[in-house]
Amino acid sequence: MFATIEDRKRELPEDSYTASLFTHEKGKNAVLEKLGEESTELILAAKDDDTEEVAAEGADFVYHLLVLLAMEDMDVDDLRDELEARF
């Protein structure tokens, strides 16, 4: 998935939601807003013990997190390295 996000960042196809996040007039704030929205939806789904929604909202959150990593010129290895350093 991250490779596809990087490809969309590089190619910026017009019909791509991912590409639209990289070119949004709000810049990085568009992705940050989506992360806030998705995290709230994830929390509410977990509160309601709705496992299907937890999976769906969790996937949305992870996707937008990966887009943010690409915007910051980071990748999944940076995230993995940070997590490994904690254990």
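To be clear, the structure that these remarks concern was listed above.
Note that the structure is predicted; figures quoted are calculated from it, not measured. (Residues numbered from 1 in each chain as written. Predicted model: local features only at pLDDT ≥ 70, side-chain atom pairs only at ≥ 80, totals over all residues. Heavy atoms only, no water.)

Undergrad: I keep staring at unusual backbone geometry and nothing clicks. Help me out?
TA: Peptide bonds are, in most cases, trans, and in most cases residues other than glycine have a negative phi. One non-glycine residue, D49, adopts positive backbone phi at about 55 degrees. In this fold, D49 is placed in the loop between α3 (28–47) and α4 (51–71). We classify D49 as exposed; its relative accessible area is 65%. Despite not being glycine, D73 has its phi angle at roughly 55 degrees, a positive value. Positionally, D73 belongs in the loop between α4 and α5 (76–85). Given a relative accessible area of 64%, D73 falls into the exposed group. (Helix = DSSP H or I, 4+ residues; strand = E, 2+ residues; numbered from the N terminus. Buried < 20%, exposed > 50% of the residue type's maximum accessible area, 1.4 Å probe, protein only.)

Undergrad: Hey, could you run me through the pattern of salt bridges in this one?
TA: Once their charged atoms are close, side chains differing in charge can pair, the charge on each being opposite to the other. Enumeration according to the criterion identifies eleven salt bridges in this entry. For R8, the salt bridge goes to D7, with nearest N and O atoms at 3.6 Å. By relative accessible area, which is 28% here, R8 ends up partly exposed. With its nearest N and O atoms 3.3 Å apart, the salt bridge here joins R10 to D7. Of this pair, R10 and D7 both sit in helix α1 (residues 2–11), three residues apart, roughly one helical turn. The exposure class assigned to R10 is exposed, which follows from its relative accessible area of 56%. (Salt bridge = Lys/Arg side-chain N within 4 Å of Asp/Glu carboxyl O.)

Undergrad: What exactly am I supposed to notice about the packing of α3 against α4 here?
TA: Helix packing for two helices is described by the angle between their axes and how far apart those axes are. At a minimum axis separation of 8 Å, α3 and α4 run at an interaxial angle of 160 degrees. As judged from the angle between their axes, α3 and α4 are roughly antiparallel. Here α3 and α4 pass one another in a crossing that is left-handed. From α3, K28, V31, L32, K34, L35, E38, S39, E41, L42, A45 and A46 reach across to α4, where they touch E53, V54, E57, G58, D60, F61, H64, L65, V67, L68 and M71. Partitioning the contact of α3 with α4 into residue classes produces twelve nonpolar, three polar and seven charged. (Axes fitted to C-alpha atoms, helices over the stretch in contact; angles between N-to-C directions. Parallel < 35°, antiparallel > 145°, perpendicular 65-115°, else oblique. Left-handed = near helix turned anticlockwise from the far one by under 90°. Contact = heavy atoms within 4.5 Å. Nonpolar A, V, L, I, M, F, W, Y, C, P; charged D, E, K, R; others polar.)

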